[in-house]
Amino acid sequence: MPQMFIAMVLLAALSATGVPLQAQEKIKLRVSSATKTLGYGPLWIAANMGFFGRQGLDVDLVVIRASDVGIQALAGGSLEIAGSAADAPVAAIEKGLDLVMIGGIINGLTQSIMAAKRFKTYNDLRGATFGAISLTSGVTFALRQVLKVKGLEYPRDYKLLVIGGSPQTYAALSAGQIDAAALSLPLNYAAEEQGFNDIGRFVDVIPNYQLAAFSVKRSWAEKHKPVLIRFMKSMALTYRWIHQNREPAVEFLAREMKLRREHARRGWEFYTASRMWHPDGDINVGGLQVVAQLYAEQKQLKGPVPNAAKYLDRSFLKEALRELGR
């Protein structure tokens, strides 16, 4: 794809705001991502293709592996915005921390359990060692629920070895250091091509789920509402651009995430068609309710499961979309 064409498409998308933000004061924001994979790719598009800059934001994008660690950094003031698995802020809010989710990143489960050739069914996974990004949060939170539904309990029936996100667990699986891993799309394609068995997709067990979201401190958000609206405008424009510009989006994601172009294309098709990348960056409220339900079950919380509204404030996104004309 010619660079001139990409630039013209991007300029047209960013001009949708109609606001000359070059004149606005640049605001520094520290924003985290739980991992650098295709699912979190919109953050890198926003940072590297000018979507943040056009909204007057100077974003320092950092990877903090393990969502619970990223949420701790947010609570401690090391970040203004945390991109993490949704169960991590749910856990923090239940512990009394003043946090709230403001928008979606990945609005569903894209992982498949990929295993060495000798494992062909869920039952075969008894005694297996799984690679994981953490023992409790993020994808591991969902993995444990999927395996529980299939009759496998942790730690009785399998082991978890903390390695890292999908790229790290994929490397460990390829090297024979672990037996199985929950790999996000499209790394599951690469593992399948190497001869690893696809035991099952998370979405077939948990069809509605909010995997990853943006979180902030409520107190910070109240004091910096205009800045947060700028951030949500950036992300809304990013998601719109991704949905409307397949070829330049695939080219960027393949290059930035170091993926084969065919894998990036298949990933783009899945994320956009399933709306796991929401066209406006909104959150899957029903999926967040499922996260709250599973958290309550795993932690054996007493009383009714809290409504998803307890963990969510969509007002910043709604105002951003109003300013964008929708």
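This text follows the structure it describes.
Our subject in this report is the structure included herewith. Keep in mind that this is a model prediction, so the values were computed, not measured. The residue count restarts for each chain, going from 1 along the sequence in the order it is written. Totals for whole chains, interfaces and linings use all residues, but because this is a predicted model, local features are given only for residues with pLDDT of at least 70 and pairs of side-chain atoms are given and counted only at 80 or more. Think of the side-chain values as coming from all heavy atoms in the structure, minus any hydrogens and water.

Quick word on the overall build of the protein
In step 1: We count a stretch as a helix when DSSP gives it H or I for four or more residues in a row; a strand needs E for two or more, and each element gets its number in order from the N terminus. Secondary structure assignment for the protein yields 15 helices and 10 strands.
In step 2: The globule rule used here is 2.2 Å times the number of residues to the 0.38 power, and the radius of gyration it is set against is calculated over C-alpha atoms. Taking 20 Å as the expected radius of gyration for a compact globule of 326 residues, we find that the protein reaches 19 Å, a close match to that expectation.
In step 3: Dimensions of the protein, computed from C-alpha atoms along their principal axes, come out at roughly 60 × 50 × 30 Å.
In step 4: Contacts: residue pairs with any heavy atoms within 4.5 Å of one another. A fraction of 79% describes how many contacts in the protein between residues 6 or more apart in sequence connect residues 24 or more apart.
In step 5: Carbon and sulfur atoms make up 52% of the accessible area of the protein, which totals about 13600 Å².
In step 6: Across the protein, 39 positive and 28 negative side-chain charges occur, with their mean positions spaced 1 Å apart. The Shrake-Rupley method, run with a 1.4 Å probe, gives the accessible areas here. Residue values count only the displayed protein chains as cover. The positive count covers Lys and Arg only, the negative count covers Asp and Glu only, and His and the chain ends enter neither. Note on charges: their place is set at NZ of Lys, CZ of Arg, CG of Asp or CD of Glu.

Considering unusual backbone geometry
In step 1: Omega for the bond connecting Y154 with P155 falls within 30 degrees of zero, at 5 degrees, which places this linkage in the cis form.
In step 2: Note that P155 resides in the loop between α6 (139-149) and β7 (159-162).
In step 3: With an omega of 10 degrees, the peptide bond running from L185 to P186 counts as cis.
In step 4: By secondary structure assignment, the location of P186 is in the loop between β8 (180-184) and α8 (187-193).
In step 5: One non-glycine residue with positive phi stands out, namely K258, at about 55 degrees.

Describing the packing of helix α11 (residues 225-244) against helix α12 (residues 246-256)
In step 1: It is at 6 Å that the axes of α11 and α12 come closest, and there the two elements cross at 110 degrees. Here α11 is positioned roughly perpendicular relative to α12, judged by the angle of their axes. Taking contact as the criterion, the partners of W241, I242 and Q244 in α11 are, on α12, R246, P248 and A249.
In step 2: Three residue categories are used. Nonpolar comprises Ala, Val, Leu, Ile, Met, Phe, Trp, Tyr, Cys and Pro, charged comprises Asp, Glu, Lys and Arg, and polar comprises the others, including Gly. Here the residues of the contact of α11 with α12 are counted per class, giving four nonpolar, one polar and one charged. Axis angles are defined between N-to-C directions and span 0 to 180 degrees, where every axis is a line fitted to C-alpha atoms and, for a helix, only to the segment in contact. The labels follow the angle: roughly parallel below 35 degrees, roughly antiparallel above 145, roughly perpendicular from 65 to 115, and oblique for the rest.

Comments concerning the sheet that holds β7
Two pairing modes exist for strands in a sheet, parallel and antiparallel, and in both the strands are linked by backbone hydrogen bonds.
In step 1: Two strands are said to pair when DSSP picks up at least two bridges between them. What the five strands build is an open sheet, ordered β7-β6-β8-β5-β9; its pairing is mixed. The open sheet is flanked by β7 and β9 (197-201), the only strands paired with a single partner. Averaged over neighbouring strand pairs, the angle between their axes works out to 30 degrees when direction is ignored.
In step 2: The pairing of strand β6 (residues 129-132) with β8 spans two bridges and is parallel. Bridging across to β8, G131 finds its partner in A181.

Observations regarding the side chain of S84
In step 1: For S84, the location among the structural elements is in strand β3 (residues 81-85).
In step 2: For S84, the contacting residues outside a window of four places in its chain are A34, Y40, S67, I71, P89, I105, L211, A212 and A213.

A short note on helix α7 (residues 166-174)
In step 1: Within α7, the full set of buried residues consists of S166, T169, Y170, A172 and L173. For α7, the arc enclosing every buried residue in end-on projection is 165 degrees, short of the 170-degree limit, so these residues lie on one face.
In step 2: Just beyond α7, the residue with positive phi is G176, at close to 80 degrees. Partly exposed residues are those whose accessible area sits between 20% and 50% of the maximum for their type, while under 20% is buried and over 50% is exposed, using a 1.4 Å probe and protein chains only. Here, the arc refers to the directions that run from the helix axis to the C-beta atoms.

Things to note about the packing of aromatic side chains
In step 1: Within 6.5 Å between ring centres, the rings of Phe, Tyr and Trp (the latter by its six-membered ring) count as paired, and their orientation is classed by plane angle as stacked under 30 degrees, edge-to-face over 60, tilted in between. Enumeration over the complete set of coordinates arrives at seven aromatic pairs.
In step 2: Summarising the aromatic geometry, the rings of F214 and F231 are spaced 5.1 Å apart at their centres and angled 90 degrees between planes, so their arrangement reads as edge-to-face. Of the two residues, F214 is situated in strand β10 (residues 212-217) and F231 in helix α11; the sequence distance between them amounts to 17 residues. You'll find F214 and F231 in the same group, each marked buried.
In step 3: For a Lys NZ or an Arg CZ to count as sitting over a ring, it must be within 6 Å of the ring centre and within 35 degrees of the ring normal. In this structure, R266 packs its charged tip against the face of Y189, placed 3.6 Å from the ring centre.

Some points on the environment of M101
In step 1: Along the chain, M101 falls in strand β4 (residues 99-106).
In step 2: Separated by 210 residues in sequence, M101 and Y311 place their C-alpha atoms 6.0 Å apart.
In step 3: When near neighbours in sequence (up to four residues on either side) are disregarded, M101 contacts A86, P89, V90, A213, F214, S215, I283, L288, Y311, L312 and D313.

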